[in-house]
Amino acid sequence: MPREEFTEEVIILKIGQLREIDCWVRFLTPSRGILTAFAFGGYRSKRRFPGCLDILNQVLFKVVSNPTGKYLYLQEGTLLQRFPGITRSLNRLGMAVNCLKFIEAAHLGEDDSRAAFYLILKALQILDSDVFVPAAFPLLFRTRITVEYGYYPDILNCSLCGKKVKADSGSNFIFILREGRICCGDCFPAASSTGIRLGASSLLGLESIISGLPGSWVDESVYKKLDKKTMQVMDRFVQYHLGLVWEAGHFRQV
Ligand SMILES: [Zn+2]
């Protein structure tokens, strides 16, 4: 790889100390995926990195590589946005870190990073604000990212007979995780064990989550439709398609 130089807005995912004043920074970019770069003197230089080097910060970084293109270095940074409302609350910070860790574990490469970048940015803005945020917010985020990565399920019509899911349709639908579709109870083969039965109201709530931005998840009328079983479906949906489970503070590939 030849030497390169670029400027890009990023969200900082992780920072690690190298020596007393040096550090490395891992960040998500909209067009280059997740990168790691060294910031020599980063902990001392208030002129080159004023207020920049903290996780969650949205920063404009000027990045250069070494002559062979193998390593990246941060030349300077401009703070674009920080999220004090998140860092003030342990609960919100836990949710934000969970979302960041998921992005890091699930990230599928450069092509997908623009959508992931703007979703995490929207999620951080919501967590930073004063609005009510459901405890399941990180799960909703994981589900939405899975959908963004190409696994949009068709959950508004029976995939075999076309029967529409309506608010008064009751609980006679089965979500088939593997295929990302639903069947009505009449069409679903009784022998199959890969389906999970869900009510119409849950399916409509789930559709609002996967078709909307994080800002719509704090609407209680949407959130109330998601019962415990719907949460389990979301968890299994993410696990099935991206192969990730949350374990001891990290996402593990299964
Ligand atoms: Zn049907």
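### Quick notes on the coordination of the zinc ion
- Looking at the zinc ion, the protein donor atoms are Cys158 (SG), Cys161 (SG), Cys184 (SG) and Cys187 (SG), and they sit 2.3 to 2.4 Å from it.
- Here the zinc ion binds four donor atoms, and the angle range of 104 to 116° at the metal identifies the geometry as tetrahedral.
- The partly exposed category is assigned to cysteine 187, whose relative accessible area is 24%.

### Details of the sheet that holds strand 7 (residues 173–176)
- Ordered by their spatial adjacency, four strands build an open sheet running 6-8-7-9, and the pairing between neighbours is mixed. Bordering the open sheet on either side are strand 6 (154–158) and strand 9 (195–198), each of which pairs with just one other strand. In this sheet, adjacent strand axes meet at a mean angle of 30° when their direction is disregarded.
- By the bridge criterion, four bridges tie strand 7 to strand 9 in an arrangement that is antiparallel.

### Considering empty space enclosed by the protein
- Counting across every chain of the model gives one cavity of 30 Å³ or more.
- Residue lining of the largest cavity: Thr143, Pro153, Phe175, Leu206, Ile210, Val233, Met234 and Phe237, and that is the complete set.
- Contributing elements (two or more residues each) for the lining of the largest cavity: helix 5 (200–211) and helix 7 (228–242).
- Here the element with the most residues in the lining of the largest cavity is helix 7; it accounts for three residues.
- Residues of the lining of the largest cavity, tallied by class, amount to seven nonpolar, one polar and no charged.

### Some details on the side chain of threonine 230
- By the element assignment, threonine 230 lies in helix 7.
- Classification of threonine 230 as buried rests on a relative accessible area of 0%.
- When residues no more than four places from it in sequence are discounted, the contact partners of threonine 230 are Leu198, Ser202, Leu206 and Lys225.

### With respect to helix 4 (residues 137–148)
- The first and last C-alpha atoms of helix 4 sit 16 Å apart over twelve residues, in line with the 16 Å expected at 1.5 Å per residue.
- In terms of burial, helix 4 is largely enclosed, as eleven of its twelve residues are buried.
- Of all the positions in helix 4, only Phe137, Pro138, Leu139, Leu140, Phe141, Arg142, Thr143, Arg144, Ile145, Thr146 and Val147 are classed as buried.
- Against the buried residues of helix 4 lie helix 2 (90–106), helix 3 (113–128), helix 5, helix 7 and strand 11 (250–253).

Conventions and cut-offs
- Residues numbered from 1 in each chain as written.
- Predicted model: local features only at pLDDT ≥ 70, side-chain atom pairs only at ≥ 80, totals over all residues.
- Heavy atoms only, no water.
- Donors = N, O, S within 2.8 Å, 3.2 Å for Na, K, Ca; no water.
- Tetrahedral: all angles 85-135°; square planar, octahedral: opposite > 155°, others 65-115°.
- Buried < 20%, exposed > 50% of the residue type's maximum accessible area, 1.4 Å probe, protein only.
- Pairing = 2+ DSSP bridges.
- Helix = DSSP H or I, 4+ residues; strand = E, 2+ residues; numbered from the N terminus.
- Axes fitted to C-alpha atoms, helices over the stretch in contact; angles between N-to-C directions.
- 1 Å grid on protein atoms, 1.4 Å probe; cavity = no way out; pocket = protein on both sides within 12 Å on 5 of 7 lines; lining within 4 Å.
- Points joined across faces, edges and corners; volume = space filled by probe spheres on them.
- Nonpolar A, V, L, I, M, F, W, Y, C, P; charged D, E, K, R; others polar.
- Contact = heavy atoms within 4.5 Å.
- Expected span 1.5 Å × (residues − 1).

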